[in-house]
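Letter by letter, the chains look like this.
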Amino acid sequence: MNSKVIKYTADFNEKRYWERIKRNLGWLGDTDEEAKKRQKKISEVVIGIAGCGGIGGAVAERLVRLGVRHIKVADPDHFELSNINRQFGASLDNLGRNKAEVVGESIFNISKDVNVDVYPEGINNSTADDFVEGCDYVLDKIELFELEARYALHKAFKKSERCKFMLTVPVFGHRAFFFKWTKDSMSAEDYFGIKPGSELDEQNTRKIVYSLFPEYPQFPSKERLDDWLIYNKECPIFAGCPPLAQGLLVERLSFEIADLKDIPEYKELPSTPSYSMFDSASWETKIVEREENIICLLYTSDAADDLLCV
């Protein structure tokens, strides 16, 4: 592989590690032995975060604080002023700097006991396989309209024997959507309904938007949101929503990593094309079960707009 990868190597101090994560242990088991066993799983897992924007960078920081000690981050983009309202690492001093490089350096410096691999070229056909290799879980936080990068990531995931699943968690207004990709779930190409290399015309733009935002809020108007998303190809993001998704995402990963799925409160996330949603305005949480044929209908109907929320 010819791609540039920046590596930070952990300086691990066992006593310091267990002191810094000790408050996790009260929620990881009924005995100290059980709790430490689960924390050890957290420390050994490898997580790849593709995209260091409003959610990805902050998730990387939270995972380090949780005690994850092996993280990969990737992003080809650079910080600009409009990122400051929501993105970890975005500041006046970091304007123009590569997002993955800033995030990688920042999360390493939190505790210096974490191994961090930084991919400043982002995800593409040349980097995707290497990025996914060795990961137990991958977070697809690639920018909304970067479909070729997303396809490369998903293709690498399908080939990986180790990686258990991927999560895509976009935010839309005051809502967070959860999409879980497994080896048996619908492929990204089938889900988005767009052939690789296709032009990002209005029809394909709508497919991407409606795929990741399957429910529109009542406010602001759909026409207003379409101006942003469909015609300007820019995603409006309210600053309060990414932290909401960040916390939910780290929580769901924690259940999987620490093998907490047998606790009484746990409920499994469905696989794509089904999805989960939390809305902080309506205080609604739900799981929406969908079959693959409803996705095909969405892309072939003349009334696609009316099929949102099915």
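Refer to the structure above for everything that follows.
Below or above, wherever it landed, is the structure these notes cover. Keep in mind that this is a model prediction, so the values were computed, not measured.

### Regarding the pairing of strand β3 (residues 70-74)
In step 1: In terms of burial, β3 is a largely internal element, 4 of the 5 residues being buried.
In step 2: Judged from the 5 bridges that link them, strand β2 (residues 46-50) and β3 form a sheet pairing that is parallel. Considered in β3, the bridge of I47 is made with I71.
In step 3: Bridge count for β3 against strand β4 (residues 115-119) is 5 bridges, and the pairing is parallel.

### What about unusual backbone geometry?
In step 1: Here the residue pair F219 and P220 is connected by a cis peptide bond, since its omega of -5 degrees sits within 30 degrees of zero.
In step 2: Following T272, the chain continues into P273 via a peptide bond in cis, with omega recorded as 20 degrees.
In step 3: As for its placement among the helices and strands, P273 is situated in the loop between α10 (241-257) and β9 (275-279).
In step 4: Here the phi dihedral of K112 falls at roughly 60 degrees; this positive angle occurs in a residue that is not glycine.
In step 5: For K112, a relative accessible area of 38% gives the class partly exposed.

### Quick notes on the side chain of N98
In step 1: With respect to the helices, strands and loops of the structure, N98 is situated in the loop between β3 and α4 (99-111).
In step 2: A distance of 3.0 Å separates a polar atom in the side chain of N98 from the backbone oxygen of D75.
In step 3: A polar contact of 2.9 Å, which involves the side chain of N98, links it to the backbone nitrogen of E101.
In step 4: Once residues within four sequence positions are removed from consideration, N98 is found in contact with D75, P76, D77, H78 and P120.

### Observations concerning the environment of L167
In step 1: Tracing the sequence through the fold places L167 in strand β6 (residues 165-168).
In step 2: Relative accessible area serves as the criterion here: at 2%, L167 is assigned to the buried category.
In step 3: Residues contacting L167, with those up to four places away along its chain left out, are V138, L139, D140, F179, K180, L249, L253 and L269.

Calculation criteria
Residues numbered from 1 in each chain as written. Predicted model: local features only at pLDDT ≥ 70, side-chain atom pairs only at ≥ 80, totals over all residues. Heavy atoms only, no water. Buried < 20%, exposed > 50% of the residue type's maximum accessible area, 1.4 Å probe, protein only. Helix = DSSP H or I, 4+ residues; strand = E, 2+ residues; numbered from the N terminus. Pairing = 2+ DSSP bridges. Polar contact = N/O pair within 3.5 Å; in protein donor to acceptor, adjacent residues only side chain to side chain. Contact = heavy atoms within 4.5 Å.

Function cannot be inferred from these measures alone, as they are strictly geometric.
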